[in-house]
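# Structure assessment
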Amino acid sequence: MTGKDNIRVRFAPSPTGGLHPGNARIAVFNWLFAQHEKTKGNNAKYILRMEDTDEERSTAEHESSILEDLKWLGITWDEGPFRQSDRTKRYREVADVLFNKGFLYRCYCTEEECAQERAAQIKASKPPRYSGKCKKLTNEQKIDNDKNKTPYTLRFDVEKFINDINDGNDQLSYHDLIKNREATSMMSNPLKVIGDFVVIKQSGTPTYNFAVVVDDIDMKITHVFRGEDHVSNTFRQLMIFIALDVKGGDLPKYGHLPMLLAPDKTKLSKRSGGVPIHEYKEMGFLAEAMFNHLALLGGGIKGVEETDNKNTLAKAFDYKDTASSACVYDIEKLKHINTKIIQKLNEEDVFRLLTSDLNLNDNWKKYYSRELFAKIISLAKNGARLLTDVIGTIKIFTAGRSDDLPLNERASLDFKPEQKAIVDYLHKEFVVSKKQLSGPTWKETKEKIISLGVLSGGKLFKTLRLILTERTDGPPLDEIMLLINNDVVVERIKKARQIEG
RNA sequence: GUCCCCAUCGUCUAGCGGUCUAGGACAUGGCCCUCUCAAGGCUAAAACACGGGUUCGAUUCCCGUUGGGGACGCCA
């Protein structure tokens, strides 16, 4: 790990939930960093690691959901995914080393005891932390406990670290790549506020802080970019590293990114967009837009347009430009980026995305050739902000009687008595006489309807739009009518007549 | 409660001691385009949290106040 030639970063989510914008941003950031180094010729590697040490909450479903969402975002990894649950033996091995060095001791306290202890400390306005009472157990007590097979955890002896390694110094420092702009400034934390923390649980599995260190050593991680919520863990992890004789330039470099906030400056919630990434896909967002938005949040990239692709972003990326203050996750900005990108896309791209991301159904095949449908997509794409907007417009062309547009209710409300004449006319000509309404004959029909003199201008067009598309919005009627299948509009005329009653 | 971090328009940000009457983007208002909704074009309004220093000069450096965030688990 000495030379900086082989940069190795990792994204290490825990499969206790989906990939949320907060996590995803970390994934993007690390990817951007590795990719930036790669473009500079560095043999950088991006490692994916599942931190599934929480046996109760980790699930295979979450894991595959995270993996899928990463792939969708276009985040590729060079090694992994590794799973911490596969490495229990290795953690025990390293724990033994630490134990033999005297940095770990057995704690026989129950969870309830610890919780009570903490509660009492908070009540007494003291920092809640483990008292270390099991460290003071007499040999007889220890032997007794072991004879009774009392379950125990292994705790890290912070005091020993301070005295034996840190020369009695209570402060531990490191240079944070993001929080410390100056090369010489440091993050430091008094160690005394950190209680002796658990390293191996009663179940024999490692805690997060321990597994991370063992993995980061074994996987030769050089740079750790993660959320700000991990700063205090960094000091715990640093202690373990150093107790394990990994120090100085052999330690990974750390950079902590500020948290993503909801518009009300609180934690990102479901309502404020803190949902798994695939839900964004379902809402009609493009992977590229999502990636772009996440990459641009909190600075980090200069002189780049909002709609540039991943590699352009990676090239311009510099972790030193990242803001050190928290930022609000703004879905409106995402929508804007999405709009820009959709507008740049060609018809084939849109068709492909509609099929892959939104499971576009085959309804259209009943009415249109692929060539004709291409024209419809081009029309629908125009001005669309989300992919679901495109789907919405496509429904104008394909929705039959059984389709899910609930607009007949709205139509019944909007139809006024004077519009009856128009519906009657359309019904007579195109339902009873079975004339062709859509396509090249539309212009002629339109003239005739105007000559009826019932309605004119905007009112006329709005009425026609409502009858023929069952919607109040959409592309210009003339363009719709040129492309739409006759059967679809005839169905709608019938329906309009029924609604009129 | 204790410890750590942060602070420029509503939001994301540019700014790294004079170029700041503080720039851009999103959102918002107005106008144009238009049968509608969008998209697009033009335009307007909108910020250096506060108080002390340092300095000839602070948005920029230091300290404090306030406000916000994070951490203090056999969760990660």
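Everything here concerns the structure above.
Since this is a predicted model, take the numbers as computed values, not measurements.

## Topic: the overall build of chain A
Counting secondary structure elements, chain A contains 21 helices and 14 strands. Radius of gyration (C-alpha) of chain A: 32 Å, far over the 23 Å computed for a compact globule of 501 residues. Looking at chain A residue by residue over its 501 residues, the buried ones come to 50%. In the form shown here, chain A has an accessible surface area of approximately 24200 Å², with 49% of it arising from carbon and sulfur atoms.

## Looking at the packing of helix 1 (residues 21-39) against helix 10 (residues 287-296)
Their axes nearest at 9 Å, the elements helix 1 and helix 10 cross at an angle of 80°. In terms of axis orientation, helix 1 runs roughly perpendicular to helix 10. On helix 10, the residues that touch Pro-21, Ala-24, Arg-25, Val-28, Trp-31 and Leu-32 of helix 1 are Phe-291, Leu-294 and Ala-295. In terms of residue class, the contact of helix 1 with helix 10 is made up of eight nonpolar, no polar and one charged.

## Re the side chain of Asn-486
For Asn-486, the position within the fold is in helix 21 (residues 486-500). A relative accessible area of 13% means that Asn-486 is categorised as buried.

## Remarks on the protein's contact with RNA strand B
As a structural note, the neighbourhood of RNA strand B is formed by 61 residues, with Lys-201, Gly-298, Gly-474, Pro-476 and Leu-477 the closest of them. Backbone atoms, meaning sugar and phosphate, form 73% of the atoms of RNA strand B found within 4 Å of the protein. One of the side-chain N or O atoms of Glu-228 is found 3.4 Å from a sugar or linking oxygen in RNA strand B. Within the side chain of Arg-385, a nitrogen or oxygen atom sits 3.4 Å from a phosphate oxygen of RNA strand B. Its residues assigned to classes, the surface near RNA strand B comprises 15 nonpolar, 22 polar and 24 charged.

## Description of the pairing of strand 2 (residues 45-50)
Counting buried residues along strand 2, five of its six residues qualify, which places the element largely inside the surrounding structure. When strand 1 (residues 8-11) meets strand 2, the two strands line up parallel, connected through four bridges. Directly across from Arg-10, in strand 2, lies its bridge partner Ile-47. In this region the chain leaves strand 1, passes through helix 1 and returns to the parallel neighbour strand 2; the handedness of that crossover is right-handed. As paired elements, strand 2 and strand 3 (residues 79-83) share three bridges and run parallel to each other. Following the sheet pairing, Arg-49 is matched in strand 3 by Phe-82. Between strand 2 and its parallel partner strand 3, the chain crosses via helix 2 (residues 60-73), and the hand of that crossover is right-handed.

## What about the packing of aromatic side chains?
In this structure the tally under the stated criterion is 19 aromatic pairs. Taken together, a centroid distance of 6.0 Å and an interplanar angle of 75° make the contact between Tyr-174 and Tyr-254 edge-to-face. Taken together, the positions of Tyr-174 in strand 6 (residues 171-174) and Tyr-254 in strand 10 (residues 253-257) put the pair 80 residues apart, joining distant regions of the chain. Residues Tyr-174 and Tyr-254 agree in their burial class; the two are buried. Both rings, one in Tyr-280 and one in Phe-285, keep their centres 5.7 Å apart while their planes meet at 55°; by these two values the pair is tilted. Through a chain of ring-to-ring contacts, the aromatic side chains of Phe-29, Phe-33, Phe-225, Phe-317 and Tyr-319 assemble into a single cluster. Note that Lys-160 overlies the ring of Phe-103, its terminal NZ or CZ placed 5.3 Å from the centroid. Above the ring of Phe-351, the side-chain terminus of Arg-370 is found at 3.7 Å from the ring centroid.

Calculation notes
- Residues numbered from 1 in each chain as written.
- Chains lettered and ligands numbered in written order.
- Predicted model: local features only at pLDDT ≥ 70, side-chain atom pairs only at ≥ 80, totals over all residues.
- Heavy atoms only, no water.
- Helix = DSSP H or I, 4+ residues; strand = E, 2+ residues; numbered from the N terminus.
- Rg over C-alpha atoms; globule rule 2.2 N^0.38 Å.
- Buried < 20%, exposed > 50% of the residue type's maximum accessible area, 1.4 Å probe, protein only.
- Areas by Shrake-Rupley, 256 points an atom, 1.4 Å probe, with all protein chains shown as cover.
- Axes fitted to C-alpha atoms, helices over the stretch in contact; angles between N-to-C directions.
- Parallel < 35°, antiparallel > 145°, perpendicular 65-115°, else oblique.
- Contact = heavy atoms within 4.5 Å.
- Nonpolar A, V, L, I, M, F, W, Y, C, P; charged D, E, K, R; others polar.
- Near = heavy atom within 4 Å.
- Polar contact = N/O pair within 3.5 Å; in protein donor to acceptor, adjacent residues only side chain to side chain.
- Pairing = 2+ DSSP bridges.
- Right-handed = clockwise from strand over helix to strand, strands pointing away.
- Phe/Tyr/Trp six-rings, centres within 6.5 Å; stacked < 30°, edge-to-face > 60°.
- Lys NZ or Arg CZ within 6 Å of the ring centre and 35° of its normal.

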